[in-house]
Structures are given as C-alpha cells and as structure tokens.
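Architecture and fold: a report
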Amino acid sequence: MSAELRHLISINDLTNEEIEKIFETANRYLAELGDPDAPHRIAKSKRIGTGSILATLFYEPSTRTRLSFESAMLRLGGRTISSADPATSSAAKGESLADTARVVSNYADAIVIRHPRDGAARLVAEYASVPVINGGDGAHEHPTQTLCDLFTLQREKGAFKGLNVVISGDLKGSRTIHSFVYALARFGAHIMLMPGGKGMELPAHVDWRLRHEFHALPVPREKYEKENADIDVLYATAEQPHQPTLLSASDFKEIDIFYMTRFQKERYAEGAKADYMKVDFNFLNESKYKSASVMHPLPRVGELDADLDGTPRAAYFRQASYGVPIRMALISAVLELDAQNNLEKFAHGFRTAKHPVHTQPRELGIACPNTNCITHDPHDGSYAGNKFTVVTEDGLRLRCYYCETDVKADIVGHAYSKLYEHSTSIRDLQDTVFFANEADAQKAGFKPGARNHAAAE
Ligand code: NCD
C-alpha cells in the first residue's frame, strides 16, 4: 500500500497551483514541440524520461488517451508497455485488478489505467507501488482529460475566472464532465448546465460537492432565463464560501465556451436510446454564441456537425492535440523528472483531507449505493474495502472511497456494545458501524441504544 505516492485519480488530487504548474511546463514543452527542429532538440536536451517505463492498462476502448500518453512518454525519451485489450491479458483468465497492479508495479515506473467500473483507478492505486494515473474509470472521473480541457480553455480565452461555460450532453454518464465541472468551479468560472437528453442531468452527489465544497452557487432562474431558456442550472462561483453572488442577467448574456459530449451509451442498459441533442451552425447561430469556442473531448458520434470543423470556433482538434504536452508535463511531474516541474508533495492535493476515512467490515453495515462501483464487482470487489470518507457538513454523509458517490447514513451503530442510534454525529469512529436504516442494523444483530429510545419516546 502506498499512501505517499503521487497518484492522480481525481482532478481534486491536484491543487490549483499544481494544475497551473503543469500548464506552465506543458507550454514550455509545447514551444519545443512546435519548433521545426523539435524532435531532435527534445531527443537531445529533454530525454528526461530515459530509462523510465510507463504501463498503460486499458480495459475499455481508447484512442486519444492511450496513444497520447504513450506518445508523451516516448517524446520524453522513456518507453511504454501496454495492455490494451483485456481479452489478451490475464484479465481474461480472471486475474484481479489488485494482483495486476501489484505485478505491473514491478515492470513500470507509473501506471495509467482505464476501466469501465467507477472507482477502479483508486483500487489500483491502493495496490500499486508506483504512481497511478486515472485514464477514465466508469462514469466517475477523467482528470487528465480535464487538464487538456482546462489548458485549451486557458489558451482560447486567456483566463478562467468569470467565463461562461455551457456544459452540454450526457452530464450523467460523462466522466470528463464530472472532473471538468469541479475544476471550473475551483477556478471561478460560471457553469451553465444543458443536459443533452432526458435523465442526463448531473448526478446529485456532483451537484452537492459543487455547492458545498467548491463554492458554486445556483443562480436564481430569473437572472438568466431570458437569454438562456435552455439552461437547466447555472452556478456562479463565489470568492468565499456562503458569499452571495452579485451578478445580474447581463453577466450571462455571452457564452465563452460551449462544451459537449456524446451520449455515453455503454453506461446505460443495453439498447438504451436517447433523443439526443445535435449542435450545428443553426444551433450556434444565436447571438449569445457569437464568440463561443466549441469544445468536445471526442469521439463524437453525430452530436457535433462536421461542417463546424473548419471554423476557428471549433477548438476540439486543438484540444485533442494538447493531450501530448499536457501528459508529458504530468508524467514528468509524477516521476519527478524535471527540476522545473516540481509539484508539492500532493498525497491528497485538493481532496479534502479534513474528512476522515472509515473502513467497516465488508459484510456489515452500509455499502456504496452505486451499482457500477468497483466495490460491487463480483470479482474485483472483494479486494476493495467497505470504505467511506465521512463528510459531516450535512448530517452524516458518507462518500464511497473509490467511486465518490455519496450516501446518507441515518443509523450509527456501536461495534462494541452492538447498540445503535439515530444520530448525525459520531463519538468514536473506531467504534462505529454505519447503517442506512434501522432494519439493516437489526438484521445485523444490533439493538436500539439509549439515545434511540429517548428519540422514540
Ligand atoms: C472520453 C472518455 O473516454 O471518457 N474520451 C476521451 O478520453 N477523450 C469521452 C468519451 O468517450 O465520450
């Protein structure tokens, strides 16, 4: 187990300063890559990765993420080993992710993992003895895509603060969006949500974190509705927690960035079809979009008209091209290859270290409510703990340690006395077992405790 390694599982593992440092380095590398002599120059002066090996373990399809990671490592002078097809790796024989992580740690200096299960990357990080980078885990997060997205935004618009960013498409299933909205809030952009179809709204726990942890405040509808009737929710980011936003309707008249994603059909029941939005010249004709850059993490599958490609507003191919310098900068930071690119020791970065992590026996008490979480995988799940970050700002809110889905715990059980109570506070975390409800506590052999009786009387 490796608590001090520099894993990047969530965008919140990096502080804003660290993100800016990575961008500074990426700009430096980009300038060199843009030089006609660059391949030679980089080979000579920047072979800082010589002798290092990056392993890319991809259990889900990928073009950009895997190839740009590999290209980045090669451009740094390092080498890559790859397992891109689960059917040809030991996963096909039933090897667990945990064992793969332990084994591959001996073959490489860092691991990039992509997996269909939410929380899989955190599980790999628990068992690896080298840094682990999340290349996309289920619908959870895709932090390196967010680094590319933010970097694009910075290059297109110069700054983040106060930008009006429309986030459209599959807000529920897109991991790229989940990482991106946290970062946008942290950097002070205004986030305007436009779900691409029914049932594709932002997950409740992402919305909760935006509001309670990243100072994003929902703006009352009348402030933006006239210009933006198609916007579902708009958050403005306050400088300080609980500060009211002083913005007026005119502040939301012009859109700076229009970011969209495809319908993530692999995250829905088989055969699910969506009545999905389509963005074309016609759509972007409205005056509010006149200076908007269009971004998309790609691949697109019909939701973004190819006629837009030749226009300067189409930023998506530039966005994809930044994958190499950004990932070069990230690899060099994680492997500590570049003295000018030293990050703080970010064991947990922005990830609110103020919240304790609690583990309870797997067979006892509350479980993660997300059925696609790695903890529920019939095979890999047994390697994951029944582990939660305990967030106490809003009653007892537990956050799955792996996929970061929240669940409310109504019942606090005491492991030693086997008594339980309705409570929103914890006396001794060591002695605590969380339950979702009384029936579960009783099924586990716990009995109502003193405080519980008092409440019932
Ligand atoms: C994204 C992903 O894998 O989440 N792709 C990427 O890495 N650029 C977006 C997507 O698949 O829709």
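Structure shown above.
The sections below set out a description of the structure shown in this document. Just so it is clear, the model here is predicted, and its values are computed rather than measured.

About the criteria used
- Residues numbered from 1 in each chain as written.
- Predicted model: local features only at pLDDT ≥ 70, side-chain atom pairs only at ≥ 80, totals over all residues.
- Heavy atoms only, no water.
- Near = heavy atom within 4 Å.
- Polar contact = N/O pair within 3.5 Å; in protein donor to acceptor, adjacent residues only side chain to side chain.
- Areas by Shrake-Rupley, 256 points an atom, 1.4 Å probe, with all protein chains shown as cover.
- Nonpolar A, V, L, I, M, F, W, Y, C, P; charged D, E, K, R; others polar.
- Pairing = 2+ DSSP bridges.
- Helix = DSSP H or I, 4+ residues; strand = E, 2+ residues; numbered from the N terminus.
- Core = buried A, V, L, I, M, F, W, Y, C linked by side-chain atoms within 4.5 Å.
- Buried < 20%, exposed > 50% of the residue type's maximum accessible area, 1.4 Å probe, protein only.
- Contact = heavy atoms within 4.5 Å.
- Expected span 1.5 Å × (residues − 1).
- Phe/Tyr/Trp six-rings, centres within 6.5 Å; stacked < 30°, edge-to-face > 60°.

Around the ligand, the structure places Arg64, Thr65, Arg114, His142, Gln145, Arg175, Thr176, Arg262, Gln264, Pro297, Leu298 and Pro299. In this structure, threonine 65 approaches the ligand through a side-chain N or O atom, which is 2.9 Å from an oxygen atom. One nitrogen or oxygen atom from the main chain of proline 297 is found 2.9 Å from a nitrogen atom belonging to the ligand. Protein chains shield 95% of the accessible area of the ligand, which is 320 Å² for the free molecule. Its residues assigned to classes, the shell around the ligand shows 3 nonpolar, 5 polar and 4 charged.

For the rest of this paragraph, the subject is the sheet that holds strand β17 (residues 432–435). Taken in spatial order, the 4 strands of this open sheet run β17-β15-β16-β18, and their pairing is mixed. Two strands in the sheet have a free side with no partner beyond their single neighbour: β17 and β18 (447–448). Where strand β15 (residues 411–414) and strand β16 (residues 419–422) come together, 4 bridges link them in antiparallel fashion. Considered in β16, the bridge of glycine 413 is made with tyrosine 420.

On to the nonpolar core. Generally speaking, soluble globular proteins have nonpolar side chains that are buried together. Of all hydrophobic cores here, the largest spans 61 residues; its most connected members are Phe23, Leu147, Leu150, Ile167, Leu184, Ile191 and Leu210. Of the residues forming this core, the biggest block, 8 residues, is contributed by helix α10 (residues 323–334). Residues contacting phenylalanine 23, with those up to four places away along its chain left out, are Leu147, Leu150, Phe151, Gln154, Phe160 and Ile326. Core analysis: the second largest hydrophobic core is formed by 37 residues, Ala108, Ile113, Ala128 and Ala384 among them.

So, about α10. Across its 12 residues, α10 extends 16 Å between first and last C-alpha, which sits within 8% of the 16 Å expected from 1.5 Å per residue. Within α10, 12 of the 12 residues are buried, which leaves it mostly tucked inside the rest of the structure. Gly323, Val324, Pro325, Ile326, Arg327, Met328, Ala329, Leu330, Ile331, Ser332, Ala333 and Val334 are the residues of α10 that are buried. Buried residues along α10 sit in contact with α1 (16–34), β1 (53–58), α3 (64–75), β4 (132–137), α6 (143–157) and α9 (316–321). Looking one or two residues past α10, glutamate 336 carries a phi angle of roughly 55°, positive in sign.

Let us now look at the environment of glycine 34. Looking at the secondary structure, you find glycine 34 in helix α1. Residue glycine 34 is classed as exposed on the basis of its relative accessible area, which comes to 62%. Separated by 178 residues in the primary sequence, glycine 34 and histidine 212 place their C-alpha atoms 41 Å from one another.

Our focus in this paragraph is the packing of aromatic side chains. In the structure shown here, the tally under the stated rule is 14 aromatic pairs. Consider the rings of phenylalanine 23 and phenylalanine 151, whose centres lie 5.3 Å apart with planes at 55°: the pair is tilted. Here phenylalanine 23, found in helix α1, pairs with phenylalanine 151, found in helix α6; they are 128 residues apart in sequence, far enough to count as distant. Each member of the pair phenylalanine 23 and phenylalanine 151 is classed as buried. Seen from their ring centres, phenylalanine 258 and tyrosine 289 are 5.5 Å apart, and the 90° between their planes marks the pair as edge-to-face.

This part covers unusual backbone geometry. Cis rather than trans, the peptide bond between leucine 298 and proline 299 has omega equal to 5°. Of note, proline 299 is situated in the loop between β10 (293–295) and α9. Here the phi dihedral of histidine 215 falls at roughly 60°; this positive angle occurs in a residue that is not glycine. Counting through the fold element by element, histidine 215 comes out in the loop between α8 (204–213) and β7 (216–218). Owing to a relative accessible area of 26%, histidine 215 belongs among the partly exposed residues under this scheme. Notably, leucine 298 is not glycine yet its phi reads approximately 65°, a positive angle. Structurally, the position occupied by leucine 298 is in the loop between β10 and α9.

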